[in-house]
Amino acid sequence: MTSTDLYIAEGSPATAEADAVVIGVLPPSQGGDAPRLAPGADEVAAAFDGDAGLIGLLAVAGATGKADEVVKVPTRGSLTAPLLVAVGMGKPDADGAPAAEQVRRAAGAAARALTGIGHALSTLGRVDLAAAAEGTLLGAYSFTAYRTNGNGKAPVGRVGLVADGADAEATLRTAAAIGRAVCTARDLVNTPPNDLFPESFAARARELAEAAGLEVEVLDDEALAAGGFGGVLGVGQGSSRKPRLVRLRYAGGSAPRAKVALVGKGITFDTGGISIKPAANMDHMTSDMGGAAAVIATTVLAAQLELPVAVTATVPMAENMPSATAYRPGDVLRMYGGKTVEVLNTDAEGRLILADAITRAAEDDPDYLVETSTLTGAQQVALGLRTAGVMGSDEFRDRVAAHARATGEDGWAMPLPEHMRGELDSRIADIANVTGARWGGMLVAGTFLREFVPDGLPWAHIDIAGPSFHSGGPYGYTHKGGTGVPVRTMFAVLADIAENG
Ligand code: BES
Ligand code: MN
Ligand code: ZN
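Owing to the predicted nature of the structure, the values given are computational and were not obtained by experimental measurement.

Engineer: I tried to follow the coordination of the zinc ion (ligand 3) on my own but got confused; where do I start?
Structural biologist: Listed as protein donors to the zinc ion (ligand 3) are K265 (NZ), D270 (OD), D288 (OD) and E349 (OE); their distances from the metal cover 2.0 to 2.4 Å. Sequence positions of the donors to the zinc ion (ligand 3) reduce to the motif K-x4-D-x17-D-x60-E. The metal-metal distance between the zinc ion (ligand 3) and the manganese ion (ligand 2) comes to 3.2 Å, with D270 coordinating both. Here the residue D270 occupies a position in strand β12 (residues 266-270), and E349 occupies one in the loop between β15 (340-342) and α10 (350-362), the gap between them amounting to 79 residues. For the pair shown, D270 and E349 are each scored as buried.

This is the structure:
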């Protein structure tokens, strides 16, 4: 959870009461050799004998302006705050202004460097207030629920974002809500699978949703059986923790612009089942509900910010375990809606629970469908660990991928080649859950899902196998563990639909 408080700080950061002041540093311009101050640091520079004086001091301390660099300088009375934190922003684009994502990452790196500090001021608010707010909250995030001795130093307590302008408060409110929604998704992903299983996950979804005034429906295993949800039940039957299907509904106010269905994969742990995974790194499969977490957090966020779009979340939850009751390679499942699927690999379980959920979601007759899932290792092979694969209907897919890039989460459009459908032909059922080869595994999974999307419905499938969970060292506003991707992308899509239909 993030406990850091944000507020708009007016007046001069040089003379305001605080424990630290954050400024941005840019790399030297073409042909230059000294780093430069990012906009917003005027009073701070003046307090250090002007730009040249402050730049000279920072350069001596090693500042170069590259991304993720943090240089701390004692102010010795030049500022009211005793500490100056200079954070590198990386090279801006040709037009000279740092992009939103550069501000977000710099704010995140600064927030990580501020742990243990009670109260800081950040002039990055003057560069891009929303980006500074998001980056600060995401960078200050820490997950301490399972530490008995705390987590070392506490995250920065309070950050005043220096900003002026009439709409600063509203901008901050929106950005902070977005940042906190991402942190909610991170918390869910970071909660270990012995505590987060379908029943407890559904209970947490209910709690979050009811607090935001949403309508909640939870189908338990009996209700799933009565409803014919063969995909969710088949995948979940090997676990002693029975599956669930959670539905959250935000009506979109009195005049919603459109109806959007969100669907997220909620495998609370993926052993692979009888087609069991190798032991190495199997613990990462605690994050196989990252899509579900993001969908829940985004739906709650839409309600908190009163977006004029009706949003219905459909979230299948199951634990994929090998056991005497587990589904087998060779089983045929009868999915919700009646289609049959031959299971040739029990580790391709996500698409099975999603098929049920997509069919259910489409019954509400939405105008758009966005589904997201940690679906394939092939996504990581094709696009790496930080770029989501976006598939679906051509136009809407491109729109979603563009939002993924604009928010800084990153995503790239990928095709669903027609010939792949034939490779999923089954010997005995309507379709098989895998092909006989590994080629294009991300696209095969998308092709499988397409079978369950009604013709003509604009839809997007976001494969976040890589981006949802970070195993390397921290950078920018990204920590080890759950990243909260793609909450910001999906929220941007909803906001776009709210404005443009
Ligand atoms: N949850 C995994 C995909 C995954 C892999 C997510 C790595 C995050 C990191 C998914 O259920 C899975 O096991 N997919 C298989 C599909 C295969 C059997 C066709 C895979 O990618 O190997
Ligand atoms: Mn799997
Ligand atoms: Zn999985």
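Engineer: Even after reading the chapter, I still don't get the packing of aromatic side chains, so can you show me in this structure?
Structural biologist: Given two aromatic rings, their pairing is described by the distance between the two centres and the angle made by the two planes. All chains considered together, the criterion is met by 4 aromatic pairs. Ring geometry for F229 versus Y336: centroids 4.0 Å apart, planes at 5 degrees, classification stacked. In this pair, F229 sits in the loop between α7 (221-227) and α8 (230-236) while Y336 sits in the loop between β14 (332-334) and β15, placing the two residues 107 residues apart along the sequence. Judged on exposure class, the residue F229 and its partner Y336 are both buried. We note R186 situated over the ring of Y141; from NZ or CZ to the ring centre the distance is 5.1 Å. Over the ring of Y475 we find R386; its NZ or CZ atom is 3.8 Å from the centre of that ring.

Engineer: Quick question: what am I supposed to make of the layout of surface pockets here?
Structural biologist: Rolled over the atoms, a probe sized like a water molecule indicates the empty space that remains. Volume-wise, the second largest pocket comes out at about 590 Å³. Surrounding the second largest pocket, 26 residues form its lining, F143, R147, N190, K480 and G481 being those nearest its centre. Every element with two or more residues in the lining of the second largest pocket is listed here: α4 (129-140), α5 (168-190) and β21 (469-470). Across the lining of the second largest pocket, the residue classes break down as 9 nonpolar, 12 polar and 5 charged.

Engineer: Would you mind showing me how to read α10 here?
Structural biologist: An α-helix turns once per 3.6 residues; consequently, residues spaced three or four apart project the same way. For α10, which comprises 13 residues, the first-to-last C-alpha distance of 18 Å matches the rise-based estimate of 18 Å (1.5 Å per residue) to within 8%. Taken across its 13 residues, α10 has 13 buried, putting it largely inside the fold.

Engineer: What exactly am I supposed to notice about the coordination of the manganese ion (ligand 2) here?
Structural biologist: By definition of the ideal shapes, four donors in a tetrahedron about a metal sit 109.5 degrees apart, and six donors in an octahedron sit 90 or 180 degrees apart. Looking at the manganese ion (ligand 2), one finds its protein donor set to be D270 (OD), D347 (O), D347 (OD) and E349 (OE), positioned 2.0 to 2.2 Å from the metal centre. Every donor counted, the 6 donor atoms about the manganese ion (ligand 2) form angles of 71 to 169 degrees at the centre, which fits irregular coordination. Expressed as a motif, the donor residue spacing for the manganese ion (ligand 2) is D-x76-D-x1-E. On the accessibility criterion, D270 (3% relative accessible area) is buried.

Engineer: Help me out: how do you make sense of the pairing of strand β10 (residues 244-250) in this one?
Structural biologist: Along any regular strand, the residues point their side chains to alternate faces of the sheet. Buried residues dominate β10, accounting for 6 of its 7 residues. Judged from the 7 bridges that link them, β10 and strand β13 (residues 310-320) form a sheet pairing that is antiparallel. Residue Y250 lies in a different strand from β13, and its bridge partner there is V311.

Engineer: Please clarify how α4 should be interpreted in this entry.
Structural biologist: An ideal rise of 1.5 Å per residue puts 16 Å on 12 residues; α4 measures up with 16 Å between its terminal C-alpha atoms. Along α4, the residues that are buried comprise L129, A131, A132, A133, E134, G135, T136, L137, L138, G139 and A140. Here the buried face of α4 lies against β1 (5-9), α3 (100-113), β8 (158-162), α5 and α15 (487-500). If you check the start of α4, you find a side-chain oxygen 3.3 Å away from the backbone N of A130, and it comes from D128.

Engineer: Mind showing me how you'd approach the side chain of R421 here?
Structural biologist: As for its position among the elements, R421 is in helix α13 (residues 419-423). Residue classification places R421 among the buried positions, given a relative accessible area of 17%. Setting aside residues up to four positions removed in sequence, R421 forms contacts with D430, I431, T447, R450 and E451.

Engineer: Where do I start with the packing of α4 against α5 in this structure?
Structural biologist: In a packed pair of helices, the relevant descriptors are the angle between the two axes and the axis-to-axis distance. Taken N-terminus to C-terminus, the directions of α4 and α5 make an angle of 30 degrees; their axes are 8 Å apart at the nearest point. Classified by the angle between their axes, α4 and α5 sit roughly parallel to one another. For the pair α4 and α5, the crossing hand works out as right-handed. Along the contact surface, α4 presents L129, A130, A133, E134, L137 and L138, while α5 presents A168, T171, L172, A175, A176, I178, G179, R180, V182, C183 and R186.

Engineer: Mind showing me how you'd approach the domain arrangement of the protein here?
Structural biologist: Size of an interface: often given as the accessible area lost when the parts come together. Assigned domains of the protein: these are domain 1 (5-165) and domain 2 (179-500). Once you take the C-alpha centre of each, domain 1 and domain 2 turn out to be 37 Å apart. In this complex, domain 1 contributes 18 residues to the contact, which on the side of domain 2 involves 18 residues. Both faces combined, the contact of domain 1 with domain 2 buries some 1,600 Å², and carbon together with sulfur accounts for 59% of it. At the boundary of domain 1 with domain 2, the tally comes to 1 salt bridge. Residue E134 pairs with R488 through a salt bridge whose shortest N-O separation is 3.7 Å. Counting every contact that joins domain 1 to domain 2 gives 12 residue pairs in polar contact (both at pLDDT 80 or more). The set of elements that each furnish at least two residues to the side of domain 1 that touches domain 2 consists of β1, α3 and α4.

The rules we used
- Residues numbered from 1 in each chain as written.
- Chains lettered and ligands numbered in written order.
- Predicted model: local features only at pLDDT ≥ 70, side-chain atom pairs only at ≥ 80, totals over all residues.
- Heavy atoms only, no water.
- Donors = N, O, S within 2.8 Å, 3.2 Å for Na, K, Ca; no water.
- Helix = DSSP H or I, 4+ residues; strand = E, 2+ residues; numbered from the N terminus.
- Buried < 20%, exposed > 50% of the residue type's maximum accessible area, 1.4 Å probe, protein only.
- Phe/Tyr/Trp six-rings, centres within 6.5 Å; stacked < 30°, edge-to-face > 60°.
- Lys NZ or Arg CZ within 6 Å of the ring centre and 35° of its normal.
- 1 Å grid on protein atoms, 1.4 Å probe; cavity = no way out; pocket = protein on both sides within 12 Å on 5 of 7 lines; lining within 4 Å.
- Points joined across faces, edges and corners; volume = space filled by probe spheres on them.
- Nonpolar A, V, L, I, M, F, W, Y, C, P; charged D, E, K, R; others polar.
- Expected span 1.5 Å × (residues − 1).
- Tetrahedral: all angles 85-135°; square planar, octahedral: opposite > 155°, others 65-115°.
- Pairing = 2+ DSSP bridges.
- Contact = heavy atoms within 4.5 Å.
- Polar contact = N/O pair within 3.5 Å; in protein donor to acceptor, adjacent residues only side chain to side chain.
- Axes fitted to C-alpha atoms, helices over the stretch in contact; angles between N-to-C directions.
- Parallel < 35°, antiparallel > 145°, perpendicular 65-115°, else oblique.
- Left-handed = near helix turned anticlockwise from the far one by under 90°.
- Domains from an automatic or database assignment.
- Buried area = accessible area lost by both parts, 1.4 Å probe.
- Salt bridge = Lys/Arg side-chain N within 4 Å of Asp/Glu carboxyl O.

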